Amino acid sequence: MHLWMLLSLTAVMGAVCSESLNCSYLSLLEHLGVGSNNYSLSATRPVRNWRTPTYATVDLYLYVIIDVNEKSQSFTTGVSLSASWTNELLRWNPKDFCGIRQINVPKEDVWRPYFTIMESIEAMHSGAESAREVVLRSAGRVSFGDTYKITSTCNMDLYKFPFDTQKCQLTLLTLLNTIDQLRLVIASNSSDVTTRSLTVFQTQGEWDLISIHVSKDNLTIGPQDVLDQLVYTITIARRPQLYLINFLVPVLLFLVLDLMSFFISGSGGEKLSFKVTVLLAISVLLLILNDILPSTDQKTPVIGMFCTGVFSLVGCSIVETITVSFLMRMASKCDAKAFTWRTPEKNKGEGTNQPADSTGVGHHLKRMEDDSSLLRLILAELQAADNDNGFCASHSVH
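Residues numbered from 1 in each chain as written. Predicted model: local features only at pLDDT ≥ 70, side-chain atom pairs only at ≥ 80, totals over all residues. Heavy atoms only, no water.

What about the overall build of the chain?
Right, on to step 1. Assigned secondary structure in the chain consists of eight helices and eleven strands.
Right, on to step 2. For the chain, the proportion of its 398 residues judged to be buried stands at 32%.
Right, on to step 3. Taking all contacts inside the chain whose residues are at least 6 apart in sequence as the whole, residues at least 24 apart take part in 74%.
Right, on to step 4. Accessible surface, the chain: about 24,800 Å² in total, of which carbon and sulfur atoms supply 60%. (Helix = DSSP H or I, 4+ residues; strand = E, 2+ residues; numbered from the N terminus. Buried < 20%, exposed > 50% of the residue type's maximum accessible area, 1.4 Å probe, protein only. Contact = heavy atoms within 4.5 Å. Areas by Shrake-Rupley, 256 points an atom, 1.4 Å probe, with all protein chains shown as cover.)

A few points about the pattern of salt bridges
Right, on to step 1. For the coordinates displayed, the defined rule picks out seven salt bridges.
Right, on to step 2. Of the charged contacts in the structure, one is a salt bridge between Arg238 and Glu206, with a shortest N-O distance of 2.6 Å. Linking Arg238 in strand β11 (residues 225-238) with Glu206 in the loop between α4 (190-200) and β10 (207-221), this pair joins segments that are 32 residues apart in sequence.
Right, on to step 3. Among the residues examined, Glu206 registers a relative accessible area of 29% and is labelled partly exposed.
Right, on to step 4. Note that Asp208 is salt-bridged to Arg239, the shortest N-O span being 2.4 Å. Residue Asp208 is found in strand β10, and its partner Arg239 is found in the loop between β11 and α5 (241-260); the two are separated by 31 residues along the sequence.
Right, on to step 5. Note on Asp208: relative accessible area 28%, which makes it partly exposed.
Right, on to step 6. With relative accessibility at 24%, the residue Arg239 sits in the partly exposed group.
Right, on to step 7. One continuous salt-bridge network, built from bridges that share partners, spans Glu70, Asp164, Glu206 and Arg238. (Salt bridge = Lys/Arg side-chain N within 4 Å of Asp/Glu carboxyl O.)

Examining the packing of aromatic side chains
Right, on to step 1. Applying the stated criterion across every chain, the model contains three aromatic pairs.
Right, on to step 2. Summarising the aromatic geometry, the rings of Trp85 and Trp111 are spaced 6.1 Å apart at their centres and angled 90° between planes, so their arrangement reads as edge-to-face. Of this pair, Trp85 sits in strand β2 (residues 74-86) while Trp111 sits in the loop between β3 (102-106) and β4 (116-117), placing them 26 residues apart in sequence. Note on accessibility: Trp85 and Trp111 belong to one class, buried.
Right, on to step 3. Through a chain of ring-to-ring contacts, the aromatic side chains of Phe161, Tyr243 and Phe247 assemble into a single cluster.
Right, on to step 4. Lying over the aromatic face of Phe144, Arg112 brings its terminal NZ or CZ to 5.1 Å of the ring centre. (Phe/Tyr/Trp six-rings, centres within 6.5 Å; stacked < 30°, edge-to-face > 60°. Lys NZ or Arg CZ within 6 Å of the ring centre and 35° of its normal.)

Observations concerning the UniProt feature "transmembrane region" (unreviewed entry) in the chain
Right, on to step 1. Taking the UniProt record as the reference, the feature "transmembrane region" (unreviewed entry) is found at residues 242-265, 272-290 and 302-327.
Right, on to step 2. Across residues 272-290 one finds 100% helix and 0% strand; the C-alpha atoms that close the span lie 27 Å apart.
Right, on to step 3. When the span residues 302-327 is considered, its composition is 100% helix and 0% strand, and the gap between its end C-alpha atoms is 37 Å. (UniProt positions renumbered as here; feature names shortened; annotations may be inferred.)

With respect to α5
The periodicity of an α-helix, 3.6 residues per turn, causes residues three or four positions apart to be oriented the same way.
Right, on to step 1. Relative to the 28 Å expected for 20 residues at 1.5 Å per residue, α5 spans 27 Å between its end C-alpha atoms, a close match to the ideal helical length.
Right, on to step 2. Of all the bends in α5, the greatest reaches close to 30° and is centred on Leu248; the proline Pro250 follows between one and four positions later.
Right, on to step 3. Tyr243, Phe247, Leu248, Pro250, Val251 and Asp258 are the residues of α5 that are buried. (Expected span 1.5 Å × (residues − 1). Bend = angle between axes of the 7 residues up to and from the residue.)

Some points on a nonpolar patch on the surface
Right, on to step 1. A cluster of nonpolar side chains, Val256, Leu259, Met260, Phe262 and Phe263, forms an exposed patch at the surface whose accessible area comes to about 550 Å².
Right, on to step 2. Considering the arrangement of structural elements, one finds Phe263 in the loop between α5 and α6 (270-292). (Patch = residues over 30% accessible without salt bridge, like charges linked within 9 Å, V, L, I, M, F, W, Y side chains within 5 Å.)

Set out below in structure tokens:
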């Protein structure tokens, strides 16, 4: 009897000790073989039959637009990427480990797909708060998520600048696994991705996020290698208020000022100098616009054609002002020469007792001579009166 009680007590204590030992994460990691420099868990695809493909469910959403460079045709964004797949080699029964259903393990200790953005022109890297672990569940489901800063190429159409809408693509794929080994599955449709991105969108800068369209495609490399890829088409629209204030409105005002300059008197140089100043101001705006827009042989932006047209109109008005001033000077010289040549003809007519000129010019010259004779007579009378006053004053003194 005592022996039976002793054996029962020993069995209960052993079960309690075993249960307390299996309740720790350490015992679970030791059971799975994770963290013990097991290279096979991180290097090989986690399937029991190599012909079985691994299905990775991928979700990506945009949370910030960092920069859009029209000159270099680049697009810098911040995205959040999450993926999940099944690891057939890392499974356990939660009842054997006190109900533990998931555990966090270092991402370097387990296999995971290495995603690449095809349009990326810089190394795809994580932010400051990079995730260092993956979540491992009892059914073998592995989940991974991280944030990335991506600078990618974007073919931009700037014909309607600054009222343009751009579409940039982010193509997600894995270059190390073909479609027979790894297949990508879309986790959320386009509507859900757009809604989630607009919810967490953080910037209120120059660009507005319109929509994100998700599609699946295949990429063929070589005769037999086919890669699975997900294409995220991001549609963004520019806010044109800043460019309206800095470019369009000043150019229109300069054009109005140039038109108003026609009311300035053309006798001096103020009109010409004013027009040249307006032309220089427009040229400065054109230089700033040239620094923003890229050099392309395709469609020229409308704002560039508009500024160039205004520049040409102001240049034509300057040429018109110079031409009118030149013609006015030539007309005044012609009038002076005509007056000089008509005066000897009048004197010659008087010497031969013939009318020199029957036009209004001759009458005008005759009237000028009569006025000069009258002025000389008045001047003589004034001098005589002045001499008489001086003579009287001298006699009164004596």
